[in-house]
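If you want the building blocks of each chain, they are given just below.
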Amino acid sequence: MASMYPPSLTALIEEFEKMPGIGHKSAVRLAFYVMGITDEKARRLADAVLNAKSSIRLCESCQNLTDSSPCGICSDPRRDRGVICVVESPKDLVAMEKTREYKGLYHVLHGAISPMDGVSPEDIKVKELMSRLGPEVEEVIMATNPTVEGEATAMYIARLIKPMGIKITRIAHGIPVGGDIEFADEMTLARAMEGRREI
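A few points on the structure. Every value quoted in this text rests on a predicted model; they were computed, and no experiment measured them. (Residues numbered from 1 in each chain as written. Predicted model: local features only at pLDDT ≥ 70, side-chain atom pairs only at ≥ 80, totals over all residues. Heavy atoms only, no water.)

1. A look at the nonpolar core
Judged by nonpolar contacts, the single largest core of 30 residues is most densely connected at V86, L133, V140 and I157. Contributions of two or more residues to this core are made by strand 3 (80-87), strand 4 (104-108), helix 5 (126-132), strand 5 (139-142) and helix 6 (148-161). If one sorts the elements of this core by residue count, strand 3 sits on top with five residues. In this structure, I157 is in contact with V86, L109, V126, L129 and M142, ignoring residues within four places of it in sequence. Grouped together as the second largest cluster of nonpolar side chains are seven residues, L9, I13, A27 and V28 included. (Core = buried A, V, L, I, M, F, W, Y, C linked by side-chain atoms within 4.5 Å. Buried < 20%, exposed > 50% of the residue type's maximum accessible area, 1.4 Å probe, protein only. Helix = DSSP H or I, 4+ residues; strand = E, 2+ residues; numbered from the N terminus. Contact = heavy atoms within 4.5 Å.)

So, in structure tokens, the structure goes:
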């Protein structure tokens, strides 16, 4: 079936469709938005994409996305260097920072171990984490997602670190604030009971 759109617009729609979470209707809407903005705004959008692609790299220490290495968190002297929080993705790091509660350092794995998807420990930043674990590190917090892959990754890393005598903790999982117990699954309820604390 022939496209209803000119070839260049069809190509733009197809590129938007390749983005995560963007279906055909959203891709069409974005393409028409781009067509409706001025040439200057379109140029700024294109420049922002190209600039981000050329200047963003991984922090030499924590492996987070940054445009200067070490990143702002790793170079901040106020951060507690004795604690490293391990997360799966840069988005997870941002979520942790939004709490304004955690004052230590991070390590971004860029994935989780998943043999079904062909992701092994060598495919994520485990080796880089291990190289950071010097005598000043007292605790490693495993903040991987509460999925089968996240749990497997946490357990794998914990087994590597344990012989070093470093304290390894796991973030608590359970019922979210505002959630109803009746709608929680058995695993969530079990985790909530394990992670209970005195009030």
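Back to the text.
2. Some details on helix 4 (residues 90-98)
Turning to helix 4, its buried residues are P90, D92 and L93. Taken end-on, helix 4 shows its buried residues confined to a sector of 155°, consistent with a single buried face. Exposed and oriented more than 90 degrees from the buried face of helix 4 are K91 and K98. Phi for R100, located one or two positions after helix 4, is positive at around 60°. (Arc of directions from axis to C-beta.)

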